[in-house]
Amino acid sequence: MSRYTSATDADRRAMLDAIGVASVDDLFADVPEELRLGRPLDLPAGKPEQEVTAYLRDLAARNVSAEDEISFLGAGMYDHYVPALVDSIVSRSEFLTPYTPYQPEVSQGGLQVMFEYQTMISELTGLPVSNASVYEGPSALAAAAYLARLHNGRTRFVVSRGVHPHSRETLITTSAGWGTTVDEVALADGVTDADALRDAIGDDVAAIFLAQPNFLGAVEDLEALAPIAKNRSHPPLLIVQVDPMTLGVLRPPGDFGVDVAVGEGQPLGNRLDYGGPSFGFFAAQEAYLRRMPGRIAGETTDADGRRGFVLTLQTREQHIRREKATSNICTAQALNALMGTIYLSWLGRRGYLELGELLLRRTDYARERLAGLDGVEALHDQPVVREFAVRLAAPVGRVVERCWAQGVNPGYPLGRDYPEYENALLVAITEQRSRAEIDTLADVLGAAVAAERQSAGVTA
Amino acid sequence: MSRYTSATDADRRAMLDAIGVASVDDLFADVPEELRLGRPLDLPAGKPEQEVTAYLRDLAARNVSAEDEISFLGAGMYDHYVPALVDSIVSRSEFLTPYTPYQPEVSQGGLQVMFEYQTMISELTGLPVSNASVYEGPSALAAAAYLARLHNGRTRFVVSRGVHPHSRETLITTSAGWGTTVDEVALADGVTDADALRDAIGDDVAAIFLAQPNFLGAVEDLEALAPIAKNRSHPPLLIVQVDPMTLGVLRPPGDFGVDVAVGEGQPLGNRLDYGGPSFGFFAAQEAYLRRMPGRIAGETTDADGRRGFVLTLQTREQHIRREKATSNICTAQALNALMGTIYLSWLGRRGYLELGELLLRRTDYARERLAGLDGVEALHDQPVVREFAVRLAAPVGRVVERCWAQGVNPGYPLGRDYPEYENALLVAITEQRSRAEIDTLADVLGAAVAAERQSAGVTA
Amino acid sequence: MTVATQTPQQREHATTIFERSVEGRRAFVAPALDVPQRPLDDLLPARFRRAHPPRLPEVSEPEINRHYNRLSKRNFDLDTGFYPLGSCTMKHNPKLHERVAALPGHARLHPMQDPRRAQGALRLMWELQGALSEISGLPHVSLQPSAGSHGELAGVLLTRAYHEARGEHRHQVLAPETSHGTNPATVTMGGYETVKVAVDGDGNVDLDDLRLKATEDVACLMLTNPSTLGLFEPNISEIARIVHAVGATLYYDGANLNAIMGRTRPGDMGFDIVHFNLHKSFTQPHGGGGPGSGPIAVSERIEPYLPKPQVVRDGDGFGLDFDRPQSIGRLRGFQGNFGVFVRSYAYILSLGGDGLTEASETAVLNANYLQARLTALAGEHLPVAYDRLCMHEFVLSGAPMKQALGLRTLDLAKRLLDFGYHPPTVYFPLVVEEALMIEPTETETRETLDAFAEAVAAILAEAAEDPQIARNAPYSTPVRRLDEAAAAKRPVIRQPL
Amino acid sequence: MTVATQTPQQREHATTIFERSVEGRRAFVAPALDVPQRPLDDLLPARFRRAHPPRLPEVSEPEINRHYNRLSKRNFDLDTGFYPLGSCTMKHNPKLHERVAALPGHARLHPMQDPRRAQGALRLMWELQGALSEISGLPHVSLQPSAGSHGELAGVLLTRAYHEARGEHRHQVLAPETSHGTNPATVTMGGYETVKVAVDGDGNVDLDDLRLKATEDVACLMLTNPSTLGLFEPNISEIARIVHAVGATLYYDGANLNAIMGRTRPGDMGFDIVHFNLHKSFTQPHGGGGPGSGPIAVSERIEPYLPKPQVVRDGDGFGLDFDRPQSIGRLRGFQGNFGVFVRSYAYILSLGGDGLTEASETAVLNANYLQARLTALAGEHLPVAYDRLCMHEFVLSGAPMKQALGLRTLDLAKRLLDFGYHPPTVYFPLVVEEALMIEPTETETRETLDAFAEAVAAILAEAAEDPQIARNAPYSTPVRRLDEAAAAKRPVIRQPL
Ligand SMILES: Cc1ncc(COP(=O)(O)O)c(C=O)c1O
Ligand SMILES: Cc1ncc(COP(=O)(O)O)c(C=O)c1O
């Protein structure tokens, strides 16, 4: 008997009888002889629950998680505190185990959550319409590109180099079959070079992509950049990838006439989970409603006049429109979007602002502290709100290793994605990193840089 | 505003108006001036959730749990594997948050669980009636003593020295006002001395208490002992404290005409939790049904003829009978009993036997391994089923410390409770202690004893 | 509900886990037998071995899961709706508490672990003791008792030890007629006789009756303050004086502590012994009838008798003190319900002193507001039993409703179920006819209180039209009214197998 | 349900979290501002700062908890009852998986952690890749895609890269008319044109039509096997031959893998690219619409193009390989849905090779048994669309029922809700009139299958008496039939604030 089945030998006999075959093998008669595996799968034997637990606990212990060190890693996902309330609610089987709500009468819970989620994303981004989630951040950006492509049929995408490298790569991968090209706009002092952007735009451009804040933590001047994109007779779509944790302090995309705002939802009550699952959000101007990818919940009434919710505008979707669908997405990230919804409810209107301000202040403090160290300087002077970049006067890889040894993970080395910033480090702040921990970072990083410079001096 | 309240200033004003008072202080007018605290409570300021989590995580990390060492501690509670299913179900708010089921129409879940639990305890013990749980093991034994006292009004309790020391102490404490005395019967070669038991019994004895297996891990010969207690013209009650994990391999109390069986339920799917909460079980012969302590669920039907369950025989209980109640117990251990119920369902009829047999075999193996070490011998030769005692030829405290240093907790030193077994160690086996871990124990313990003997030799 | 429209739950015949059993099915997979397979007889002679295994169910894991999941949905719970069960303090149970209690350093800490290796746990207990001491105004705390009534038993045993140490043998314990059933039941278990003290027309202890009964044979007076009527005893100082004058102890039943945290303290009122219900005021979830925890706090003179072991500070660390010669001894195994301590301490850490005070203030505000709302909307049929400001709860009488509408308190309670509310405590305290005892707690919103009051009014209005509706309620619950008499008459308390 | 007897859920007006908001309420308590309080303007100039904060709700924690708890109870779920949604593999979701996924070493592992410090995670991924490779019979695996359709997109992009590396530019992708909607939608997103292949009278791919359409312009054939009709394609080897003969790739939509694990392997059938739905065959809970995960396995010739990074063995350890010059690149951020990998790998560890095989065998047994039972009890009105043995699911046609009883498939589905069942997939695949697609999965008991068949029969019998009952169903659900047309016509997709 396999692990979670019930069929006893007696059951099996009775069931085969009812079917009218002699054996389970007979049920597989359609599988041609030569295609039958004919041997057991070459996998280890099944294990009792306690052994699976022990094995996976052992594997987990080989990772250095944010619980094991003082971590300043960010670069797209952040170690925010996830309240117990979120875990508790999403572990309810009524949210955890259902399929996509195809039967609305018995799915009002999930559908109403989608409706609430859509409202929250709309509020955060300042855009009127939101879908119920897409996979995650970078593919959300690619999905927005597809919408632009469908919308205006043009062939060129222009992407700021400040957009998350994973998003830029995903866009390139995903658009391989669209007959489009992707051009990059350089950064100047940490932000998108406005002149370069102006030069890059033409009537063949389907969409412009910016990030707010950008990958270097810098706040982009959307007030200046948006008109460059939009003040044209045939403007491309302006698509902005935003960090949903910053929209209490930063002006929202909606303020700048952005067409589509997308982003990575992980900061909103989702675990780090080594990168997933989380959710991507996707908000847009009204005009794009019928071109949106993914599920959308809408309000309606039941036969007795009660308020209720359904999946709506399904004629956009693959199960109805097939090759004419606006996206191929089916299973998305409902549970993760629920986490985000509960989390935002938990923060609430005031808490969301307070947290944004706390991050802003601590980030500023941390940048000041670090930039004040010998051999460490800010990579750019732009305002930052939750993350910032510094340049080290020592090999970043070696410095980072020294910090690890002191129980501190000082951040993400930028060099892999930005060879132009060779010894730079991207440092993220969350509400879980207290001033005392930031001070520890300063001490440890300062000492590590000094040690590396000294040993370089010695070897030199 | 306090942490989990909703009243805003506006609410408060409106509510005070509706009440017709001017201030919250006015609501406390009945508290005499001189009794008002008049200062803030001298407690630390409230903390954000993330800080409470961090603080308690830090405290938890200062404990050495069964996850941090190879632990052979037992002596009443055991590190059995708790399946994820148990945690998942008991964390459902529908089980976690209700009160005692006073409104049966909306409490059928809890009530049916009690009914199932009672059936399982009845099956395990071989006794016809069970209540729905009492606090825990030792106080369950005291509760049985109270039942005996109510039943026959006699004044002396006779307790085997093999009964858990906490139970013996609890009996003495609890019976302080009953005008009764407690006599102890000695052990001989690890089990209750039958002759001494015979000598201890008289017509003034309300109840005899035995443990199966006893505190030294030894299987008592109930077949021989029960008649000593019961074959009298006016027999006392025979009350046996049993380990619920052993009743697949050991003959149950019901086989020996035991009057009441009680025990600690922790081994059945409950956490260690540093000793609680767990549950005590309480099963008895039919004759004692209307003298049982605690809640009892019974089957009945509803107005439409549907099957249902209610709290029954409530005329035993304090809320109905007040000073004439058979016990003062009110809040008991419903959730813990639920854990036990799920756990026993999960083990199932076969699993329960298999697990019992696994423990039996591993315990035997471990005893053989340890008794084979230089300077280690079995404390007694009785059969053992899940725990056993050894005597060391070295100071047990120092030996144990040496084992800790190797990541092994070799067991519970018996000396505190049994001065007569000064350098003895009680070693418990669970299904989480593999043969490889038992071998590690043997290596580490053998080395520790050798080292202590050697250093004793050196000092001597 | 017609047969065509009954709910799936009503359609489903209640089926026990035993009735789902099919021979050969299973969930558990045993670890491999990794030790030598000696003949069983060599390990355990046949005469010790069980012949017929317990008939536990044989069910696959998905079915066990679904069984208990479905059963859970046949319960009403606090996370679903308002649960104003008087005397039970059904306040919100924060999920944080479950998270911290589940940390392996807590959940898998063995109770026999050497105290040197359980310093985090001992420190937590020591800090919790300190907090409870401050809240109660009494200097010493034992966390050992398992629930409120276990705390009461501890209190009575401490009282006995106290008197006996002074060579006194007293026989009576006083308790007001409004006292909770556990009080007299505990008195009996403690070997004393209960003597009832009357309550006066305002719901207070009748001082004359108390003076009459407070003799030198009285060991203790057990009091709940606020009382089970939800009323603060204004004469508490005088009561303490009377009781102490005859050398008796004054015991505080802490079930109603939620009314007074940070405003007044039992110790300051003159109480000698207090129990706390951590599962009420300190929000351990009730679990459908436990677990709870019933720590006690005591005055200096009672301290020597506290149960053992006691958690003590020991230099920089913490230890367990077993060397307490005058101690009453153990009341249970190990160190008490530690898992509950973690939750309740998390609560105290979260709220702090201010937060606890505001919790009590809001509990009292909510109760008075609901009392006012119900008086306004339903006062004619459901008057307040004692027309005063209440503390954290209040008691209504359904007698006029019964008279005027032919509806008993029970009917109202059952009809509330159809409206999605858990009913209040009914028929307690006994001194109020057709009593309804309502405790909203501080964690409910004004809107919820309003809606509840309106539901009560709607049921009364409905009954004025057609009382049969409420008399036959509930309709929408998984089962309807159950025959309790039949259950008690011919008890079926286990599954026949 | 009369007004007097409606359920509390029906009585309650659906209220959003925004409608529960009251100014000034809150749950979150912010950590103290522990850094110097510089003027905000110095940190972030006013022109960057938001003027009007997002109107998030203001609600206390108990109310948020109760709100979502109540909402949860307005969902039907797998832990409550039978959920035979065809094509979705609603098998039991073991609780163990949630436990191991929540370990801090997994849940709080940062995706940018240096691979040297994430060895446990990389090893888990590497081992999972190995297991999926063995199960599919294809040598290389990428775990990156986020769900099935993302895996399909990966497959189409791999196909494109493969052809382009050979200098070929093809334009068409073939898919049978029974294919799932994601197949053609993906084809379009991948920049190809979908060409439909017909299905023959037995439900198999029409080989003649395939031969006709399999030209040199065809890049790929996407196939589900067993098909969405639940039928194994007996001519799969010939199909592979035809497709490969024109140089196209053969893509396996793995949504139906649950039928064949350990019995036959897509790789052995000739497929080049396979996607897995870890949220179907490997029991990641569906979460009401995700998360999922859609790893792909590929043959040697496709390997060079796999997305990057790839998890690779690196001496004794494991690493992430970014140096893959022919790779199609990234499909998303980071390393894929790692949390899903943990769950699915726990499942594979628990079952082992034997267990997976038995799972598939039992899934097929259960489907055929239920098909037989339904044929026996309801075959007249609900005949099997293709009268053959099925694999893990089967499709009935409601056309005779509609004819004879005036009941549409939708009515039957809605009436099943009152009986406590989730209905099967309806109106898919499109080739079957009034289709009902039923997938019981292996984790259901025979008793459940019997009871479901009897419920269907009971509904048909009831309809023979009075078809209105089913036509107006459901009655007992929180809401009754909803007006979807109105919702689409004037979309209200957010709360007006
Ligand atoms: C006033 C009062 N005293 C004592 C108790 C008993 O507390 P426990 O149930 O914790 O034993 C209760 C519980 O309902 C109570 O309300
Ligand atoms: C046959 C088939 N293919 C593909 C998919 C798409 O998978 P996903 O929802 O994971 O994107 C589904 C999902 O329902 C399916 O049934």
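Residues numbered from 1 in each chain as written. Chains lettered and ligands numbered in written order. Predicted model: local features only at pLDDT ≥ 70, side-chain atom pairs only at ≥ 80, totals over all residues. Heavy atoms only, no water.

S.K.: Looking at this structure, how should I read the overall build of chain A?
M.R.: Helix and strand counts for chain A come out as 14 helices and 17 strands. A total of 460 residues make up chain A; the buried ones form 69% of that total. Of the contacts made within chain A by residues no fewer than 6 positions apart, 72% connect residues no fewer than 24 positions apart. Of the accessible surface of chain A, which amounts to about 13300 Å², a share of 48% is contributed by carbon and sulfur atoms. One way to put it: in chain A the 42 positive side-chain charges average out to a point 2 Å from where the 62 negative ones average out. (Helix = DSSP H or I, 4+ residues; strand = E, 2+ residues; numbered from the N terminus. Buried < 20%, exposed > 50% of the residue type's maximum accessible area, 1.4 Å probe, protein only. Contact = heavy atoms within 4.5 Å. Areas by Shrake-Rupley, 256 points an atom, 1.4 Å probe, with all protein chains shown as cover. Lys, Arg positive; Asp, Glu negative; His and termini not counted. Charge placed at Lys NZ, Arg CZ, Asp CG, Glu CD.)

S.K.: Teacher, can you tell me more about the overall build of chain C here?
M.R.: Check the secondary structure of chain C and you find 17 helices and 12 strands. Radius of gyration (C-alpha) of chain C: 26 Å, near the 23 Å computed for a compact globule of 497 residues. For chain C, the C-alpha atoms occupy an extent of roughly 75 × 70 × 45 Å along the three principal directions. Out of the 497 residues belonging to chain C, those deemed buried represent 71%. (Rg over C-alpha atoms; globule rule 2.2 N^0.38 Å.)

S.K.: Got a minute to help me understand the sheet that holds strand E5 (residues 249–253) of chain C in this structure?
M.R.: Residues and elements named next belong to chain C. The mixed open sheet is built from seven strands, whose spatial order is E1-E7-E6-E5-E4-E2-E3. For this open sheet the edge positions go to strand E1 (140–142) and strand E3 (193–197), each flanked by a neighbour on one side alone. On average, each strand axis in the sheet is inclined to that of its neighbour by 25°, with strand direction left out of account. Sitting on the sheet, helix H7 (residues 148–165) is in contact with strand E4 (218–224), E5, strand E6 (273–275) and strand E7 (296–298), with an inclination near 175° to E5. (Pairing = 2+ DSSP bridges. Axes fitted to C-alpha atoms, helices over the stretch in contact; angles between N-to-C directions.)

S.K.: Where do I start with helix H12 (residues 338–378) of chain C in this structure?
M.R.: Side chains that are three or four residues apart share a direction in an α-helix, a result of its 3.6 residues per turn. If you check H12(C), its first and last C-alpha atoms are just 44 Å apart, much less than what 41 residues at 1.5 Å a residue would give, namely 60 Å. The element H12(C) is extensively covered by neighbouring structure, given that 34 of its 41 residues are classed as buried. (Expected span 1.5 Å × (residues − 1).)

S.K.: For this particular structure, what's the right way to read the interface of chain D and chain A?
M.R.: For an interface, size is often stated in terms of accessible area lost upon the parts coming together. Listed by partner, the interface residues are 212 residues for chain D and 195 residues for chain A. Of the roughly 17800 Å² buried at the junction of chain D and chain A (both faces included), carbon and sulfur atoms supply 60%. Joining chain D to chain A, the criterion identifies 22 salt bridges. Note that D:Arg494 and A:Glu123 form a salt bridge whose closest N and O atoms lie 2.8 Å from each other. Seen at the junction of chain D and chain A, the total is 108 residue pairs in polar contact (both at pLDDT 80 or more). A total of 29 residues in the side of chain D that touches chain A trace back to one element, the largest contributor, which is helix H12 (residues 338–378) of chain D. (Buried area = accessible area lost by both parts, 1.4 Å probe. Salt bridge = Lys/Arg side-chain N within 4 Å of Asp/Glu carboxyl O. Polar contact = N/O pair within 3.5 Å; in protein donor to acceptor, adjacent residues only side chain to side chain.)

S.K.: What's the story with the nonpolar core in this structure? I'm lost.
M.R.: One broad rule of soluble globular proteins: the nonpolar side chains tend to lie buried together. Grouped together as the largest cluster of nonpolar side chains are 177 residues, with contacts concentrated most on C:Tyr68, D:Ile239, D:Phe282, D:Ile348 and D:Leu356. When residues of this core are assigned to their parent elements, the largest contribution, 20 residues, is made by H12(D). Discounting residues that sit within four places of it in the chain, D:Phe282 has contacts with D:Leu132, D:Ile135, D:Leu257, D:Met261, D:Phe276, D:Asn277, D:Ser344, D:Tyr347, D:Ile348 and D:Leu356. With 176 residues, the next largest nonpolar core counts A:Leu96, A:Leu247, A:Phe279 and C:Ala470 among its residues. (Core = buried A, V, L, I, M, F, W, Y, C linked by side-chain atoms within 4.5 Å.)

S.K.: Teacher, can you tell me more about the site of ligand 2 here?
M.R.: Among the 15 residues in the neighbourhood of ligand 2, the closest are listed as A:Thr331, D:Ser87, D:Asp253, D:His279 and D:Lys280. Near ligand 2, the surrounding residues belong to chains A and D. Between ligand 2 and D:His180 there is a distance of 3.3 Å, counted from an oxygen atom to a side-chain nitrogen or oxygen. A distance of 3.0 Å is found between an oxygen atom of ligand 2 and a side-chain nitrogen or oxygen belonging to D:Asn277. The protein chains hide 99% of the 390 Å² of surface that ligand 2 would expose on its own. It is helix H7 (residues 148–165) of chain D that contributes the most residues to the shell around ligand 2, three residues altogether. Of the residues assigned to the shell around ligand 2, the class counts are four nonpolar, eight polar and three charged. (Near = heavy atom within 4 Å. Nonpolar A, V, L, I, M, F, W, Y, C, P; charged D, E, K, R; others polar.)

S.K.: Could you clarify how one ought to interpret the state of the cysteines in this entry?
M.R.: What is meant by a disulfide is a covalent connection between two cysteines, made through their sulfur atoms. Residues and elements named next belong to chain D. Under the definition given, this model contains zero disulfides over all chains. Free cysteine Cys390: the closest other cysteine sulfur is in Cys88, separated by 16 Å. Relative accessible area serves as the criterion here: at 1%, Cys390 is assigned to the buried category. (Disulfide = S-S within 2.5 Å.)

S.K.: Looking at this structure, I do not really get the site of ligand 1. What am I missing?
M.R.: Looking at ligand 1, there are 15 residues lining it, with B:Thr331, C:Ser87, C:Asp253, C:His279 and C:Lys280 nearest. At ligand 1, the nearby residues belong to more than one chain, namely chains B and C. Burial of ligand 1 by the protein chains amounts to 99% of its free accessible area of 390 Å². Here the shell around ligand 1 takes three residues from H7(C), the largest share from any one element. Taken together, the residues that form the shell around ligand 1 break down as four nonpolar, eight polar and three charged.

S.K.: Honestly, the pairing of strand E2 (residues 172–176) of chain D in this entry has me stumped. Any pointers?
M.R.: Sheet faces and side chains relate simply in a regular strand, where the side chains alternate between the two faces. Residues and elements named next belong to chain D. Across the five residues that make up E2, a large majority, five, are buried. Of the two faces of E2, both are covered, the one formed by Gln172, Leu174 and Pro176 as well as the one formed by Val173 and Ala175. Pairing of E2 with strand E3 (residues 193–197), which is carried by five bridges, proceeds in the parallel orientation. For Leu174, the partnering residue across the bridge sits in E3 and is Val195. Each parallel crossover has a hand, and the one from E2 via helix H8 (residues 182–189) to E3 is right-handed. (Right-handed = clockwise from strand over helix to strand, strands pointing away.)

S.K.: What am I meant to see in the sheet that holds strand E17 (residues 424–428) of chain B here?
M.R.: Strands pair in a sheet through their backbones, by hydrogen bonds, and they do so in one of two ways: parallel or antiparallel. Residue and element names in this part refer to chain B. Read across the sheet, four strands follow the order E13-E14-E17-E16 without closing on themselves; strand pairing throughout is antiparallel. In this open sheet, the two strands that pair with only one neighbour each are strand E13 (376–378) and strand E16 (412–413). Direction of pairing for E13 relative to strand E14 (residues 387–392): antiparallel, over a ladder of three bridges. Among the inter-strand pairings, Glu377 is bridged to a residue of E14, identified as Arg391. Docked against the sheet, helix H12 (residues 334–371) engages E13, E14 and E17, running at close to 5° with respect to E14. In this fold helix H13 (residues 396–405) packs onto E14, E16 and E17, with an angle of close to 40° to the strand it touches most, E17.

S.K.: When you look at the interface of chain B and chain C in this model, what are you seeing that I'm missing?
M.R.: Contacts between the two partners involve 195 residues from chain B and, on the opposite side, 212 residues from chain C. Buried surface at the junction of chain B and chain C, summed over both partners, amounts to about 17800 Å²; 60% is from carbon and sulfur atoms. Summed over the shared surface of chain B and chain C, the number is 22 salt bridges. Run the count over chain B and chain C and you get 107 residue pairs in polar contact (both at pLDDT 80 or more). Here the side of chain B that touches chain C takes 26 residues from H12(B), the largest share from any one element. Class assignment for the residues of the side of chain B that touches chain C results in 91 nonpolar, 53 polar and 51 charged.

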